[in-house]
Amino acid sequence: PDDPSRGEVELRLQRASDFRVAGSAGALTDSLLGAWLQIERWCPQCQASTEQNPHVCGTATTRRRGWRALDNDGVNLICTVSGAVTGGIWFVLWH
């Protein structure tokens, strides 16, 4: 069995830290954008909050809050990019 050297173990732990930082940045961005800027719509027929227009029941929905152009797909894209950029910056600064 291969016994990794101390340097290899430290490198693996450092890489894991890089991924944790990048993932945390993406998750935080997701939470903040989802709570503050992502569009939320309302179905008057079902009395339910939704992201869809029309709602699954077929009723047109109205905007309650958020940016019209920022749906869940947009939030996911921004979160992915923010995680990748944060990970890249973290790597450059700490390696």
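Each chain has its residues counted from 1, following the order in which its sequence is written. The predicted nature of this model means local features are confined to residues of pLDDT at least 70 and side-chain atom pairs, given and counted, to a pLDDT of 80 or more, with totals for whole chains, interfaces and linings taken over all residues. The basis for every side-chain value is the complete set of heavy atoms in the structure, and neither hydrogens nor water enter the calculation.

For this particular structure, what's the right way to read the overall build of the chain?
Helix numbers and strand numbers start at the N terminus; a helix is a DSSP run of H or I with at least 4 residues, a strand a run of E with at least 2. On a plain count of helices and strands, the chain comes out with 2 helices and 3 strands. What you see for the chain is a C-alpha radius of gyration of 20 Å, clearly larger than the 12 Å of a compact globule of 95 residues, by over 25%. Seen along its three principal axes, the alpha-carbon backbone of the chain occupies a region of about 65 × 30 × 15 Å. Think of it in three bands: residues with accessible area under 20% of the maximum for their type are buried, residues over 50% are exposed, and the middle band is partly exposed, with areas taken using a 1.4 Å probe on protein chains only. Within the chain, the fraction of its 95 residues that count as buried is 23%. For the radius of gyration, the atoms used are the C-alpha atoms, and the globule rule reads 2.2 Å times the number of residues raised to 0.38.

Which parts of the structure should I look at to understand the state of the cysteines?
In protein structure, a disulfide is the covalent linkage between the sulfur atoms of two cysteines. Disulfide: a pair of cysteine sulfur atoms within 2.5 Å of each other. Inspection of every chain in the model, using the stated rule, returns 0 disulfides. Here Cys43 is not disulfide-linked; the sulfur of Cys57 is the nearest cysteine sulfur, at 3.6 Å. Judged by relative accessible area, Cys43 falls into the buried class, the value being 0%. Note on Cys46: no disulfide assigned, nearest cysteine sulfur contributed by Cys57 at a separation of 3.6 Å.

So what exactly am I meant to see when it comes to the sheet that holds strand β2 (residues 48-50) here?
Sheet strands pair by backbone hydrogen bonding; their relative direction is either parallel or antiparallel. If you trace the 3 strands from one edge of the open sheet to the other, you get β2-β1-β3, paired in antiparallel fashion. Both edges of this open sheet fall to β2 and β3 (62-65), since each of them pairs with a single strand only. On average, each strand axis in the sheet is tilted by 45° relative to the strand beside it, whichever way the strands run. Across 3 bridges, strand β1 (residues 40-43) lies against β3 in antiparallel orientation. Across the sheet, the residue bridging to Trp42 is Thr62, located in β3. Two strands make a pair as long as DSSP finds a minimum of two bridges between them. In this description, a line fitted to the C-alpha atoms serves as the axis of each element, helices being fitted only across the stretch in contact, and the angle between N-to-C directions of two axes falls anywhere from 0 to 180 degrees.

I'm lost on the side chain of Thr50 in this one. Help?
Looking at where Thr50 falls in the secondary structure, it is placed in strand β2. By relative accessible area, which is 10% here, Thr50 ends up buried. Pairing of N or O atoms within 3.5 Å defines a polar contact, subject to two protein rules: one partner must be a possible hydrogen donor and the other a possible acceptor, and residues neighboring in sequence count only if both atoms are side-chain atoms. Looking at Thr50, its side chain comes within polar contact range of the main-chain nitrogen of Gln52, at 3.0 Å.

Got a minute to help me understand the confidence of the model for the chain in this structure?
Close inspection of predicted coordinates is inappropriate for parts of the model with low pLDDT. On a range of 0 to 100, pLDDT expresses the predictor's confidence in each residue. The share of residues in the chain with pLDDT of 70 or more is 98%, and the mean pLDDT across the chain is 91. The least confident element of the chain, judged by mean pLDDT, is helix α1 (residues 6-36) at 88; the most confident is β1 at 98.

What is the right way to look at the pattern of salt bridges in this model?
Salt bridge criterion: a side-chain nitrogen from Lys or Arg within 4 Å of a carboxyl oxygen from Asp or Glu. Scanning all chains against the criterion turns up 2 salt bridges. A salt bridge links Glu40 to Arg64, with the shortest nitrogen-to-oxygen separation between them at 3.3 Å. Here Arg64 lies in strand β3 and Glu40 lies in strand β1, a separation of 24 residues in the sequence. Looking at Glu40, the relative accessible area reads 17%, which means it is buried. With its nearest N and O atoms 3.0 Å apart, the salt bridge here joins Arg65 to Glu40. Of this pair, Arg65 sits in strand β3 while Glu40 sits in strand β1; the two residues are 25 residues apart in sequence, bridging distant segments of the chain.

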